[in-house]
Amino acid sequence: MKALYIEKPGEITWKTVSSVGKVNSDEVKLKVIYGGICGSDVSVFKGKLPHAAYPVIPGHEILGEVVEAGKTASVQVGQRVVVQPNSYCGECEFCQAGKTNICPEKKSLGINEHGGFAEEFIISSKYIIPVPDQLPNERAVLIEPLAVIVHALKKVKIDENTSVAVIGCGTEGMLAVALANYLGGNITAIDINPEKLQKVKEHYPDIEIKHPEEVTENQYDVTIEVAGVRASFEQSIEIVKPGGSVVAVGFPAVAKIPVVKMVRKELSIFGSIIYNVPDDFLASITYLLDEKFYVEPIISEVLPIAHFEKAYEKAVSGHYRKIVLEF
């Protein structure tokens, strides 16, 4: 079979690799339909993830069709499914508490294990979620990245009385804008890139857009940091109101926390990593089934796998939102 293959940072090819073989009792073989290129895929390609292992088949945002199922697999041949791409031991104190997202034994597809940007892919059926028939492929491929935001926003209350700042308007930032808007919040999107802000305004005209320098302190009930840079995280603490909440989704390596200000403002600061399964995936599906939940702007382009170089070039450029590969 063929798969995308990153031999080392900066070198990606579409090449013949060993067949995935036969499934074991609880496994399924998927014919991949769509694969979304995530920011972490870009980081693996650029060599910017310290825990990435090379060579590696990238890809973890996988929508596929089950073409073979083991005897004890939880799904049947012909079903469309999405992949939950982070393994967990199921035995540690965190897994036992339902917090598989922070399992110390966690491995991630496309990063430190071979991922799913391939013609076929085998995985344990405990890591797949069935997709309802009425959910089109272009929305279904967003189930996994949306689950990240679903998990994050569960930590705070957002309704029509909540002012929300989303800092960073890449794909996950746009998903945060979309979901917070759907939940009724009064949203301000913040980014240093005017092109990204314009895209937000174009598709969500009722949402306010601002450059970071245009925002003053103590303005928002909730701040959601999705940019993943130090300045954005530090600003999220500055601009949240006393008694407010900060949700950190991005990954700045370090940042300065003004502890006195945090204490005097009595802030709640939440870290949020990926999602809990299956709950956050099922909630993601529920949102996506509602046509009123407007996520069409999230995908910039769907490109055939033959154009993988162009797809990665666009994803790496930062000028696009979600780039999706069609297999």
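Each chain has its residues counted from 1, running along the sequence as written. Note on the predicted model: pLDDT of at least 70 is required for a residue's local features to be given, and 80 or more for side-chain atom pairs to be given and counted; whole-chain, interface and lining totals, by contrast, use all residues. Only heavy atoms go into the side-chain values, all of them from the structure, while hydrogens and water stay out.

Caption draft 1: Local environment of the packing of aromatic side chains. Aromatic rings from Phe, Tyr and Trp, with only the six-membered ring used for Trp, were paired whenever their centres fell within 6.5 Å, and each pair was classed as stacked if the ring planes differed by under 30 degrees, edge-to-face if by over 60, and tilted otherwise. Under the criterion given, the structure shown has nine aromatic pairs. With 5.6 Å between their ring centres and 85° between their planes, Y182 and Y287 make a pair best called edge-to-face. Of this pair, Y182 sits in helix α5 (residues 171–182) while Y287 sits in helix α9 (residues 279–289), placing them 105 residues apart in sequence. When a residue's accessible area, from a 1.4 Å probe over protein chains only, is under 20% of the maximum for its type it is buried; when over 50% it is exposed; and in between it is partly exposed. Judged by relative accessible area, which is 32%, Y182 ranks as partly exposed. Runs of E in the DSSP output that reach at least two residues are strands. Runs of H or I that reach at least four are helices, and both are numbered from the N terminus.

Caption draft 2: Structural context of helix α4 (residues 143–153). A large share of α4 lies buried, amounting to eleven of its eleven residues. Those residues of α4 not exposed but buried are I143, E144, P145, L146, A147, V148, I149, V150, H151, A152 and L153.

Caption draft 3: Structural detail: the packing of α4 against α5. Running from N to C, α4 and α5 point in directions that differ by 55°, and their axes come no closer than 9 Å. With respect to α5, the axis of α4 lies oblique. The handedness of the crossing between α4 and α5 comes out as right-handed. When α4 is examined against α5, the residues P145, L146, V148, I149, V150 and L153 are found in contact with a partner set consisting of E172, L175, A176, L179 and A180. Its residues assigned to classes, the contact of α4 with α5 shows ten nonpolar, no polar and one charged. Each axis is a line fitted through C-alpha atoms, and for a helix only the stretch in contact is used; angles between axes span 0 to 180 degrees, taken between their N-to-C directions. Comment on the angle field: the value is read as roughly parallel under 35 degrees, roughly antiparallel over 145, roughly perpendicular from 65 to 115, and oblique elsewhere. Note: crossing handedness is left-handed where the near helix turns anticlockwise from the far helix by less than a right angle, and right-handed where it turns clockwise. We call two residues in contact when some of their heavy atoms are within 4.5 Å. Amino acids outside the nonpolar list (Ala, Val, Leu, Ile, Met, Phe, Trp, Tyr, Cys, Pro) and the charged list (Asp, Glu, Lys, Arg) are all regarded as polar, and Gly is one of them.

Caption draft 4: Fine view of the nonpolar core. In terms of nonpolar packing, the biggest core is built from 51 residues, with I143, L146, V164, V166, I224 and V295 touching the most fellow members. Secondary structure elements with two or more residues in this core: β3 (27–37), α4, β8 (163–167), α5, β9 (186–190), α6 (194–203), β11 (220–225) and α9. A per-element tally of this core places α4 first, with eight residues. If we skip the residues at most four places from it in the chain, L146 touches L175, L179, S284, Y287, L288 and F293. For this analysis, a nonpolar core means a set of buried residues of the types Ala, Val, Leu, Ile, Met, Phe, Trp, Tyr and Cys, connected via side-chain atoms within 4.5 Å.

Caption draft 5: Expanded view of the sheet that holds strand β10 (residues 208–210). If you walk across this open sheet you meet the six strands as β10-β9-β8-β11-β12-β13, and the pairing is parallel. If you trace the sheet from one side to the other, it starts and ends with β10 and β13 (268–271), each paired once. When strand polarity is set aside, the average angle formed by the axes of neighbouring strands in this sheet is 20°. Two strands qualify as a pair provided DSSP detects at least 2 bridges between them.

Caption draft 6: A look at the pairing of strand β15 (residues 322–326). Counting buried positions along β15 yields four of five residues, so the element is predominantly enclosed. Direction of pairing for β3 relative to β15: antiparallel, over a ladder of four bridges. Looking at β15, one finds that Y34 is bridged to E326. Judged from the five bridges that link them, strand β14 (residues 299–304) and β15 form a sheet pairing that is parallel. Counterpart to V302 in the pairing with β15 is V324. With strands facing away from the observer, any crossover in which the path from the first strand over the helix to the second runs clockwise is taken as right-handed. For the crossover that starts at β14, traverses helix α10 (residues 308–317) and ends in the parallel β15, the hand is right-handed.

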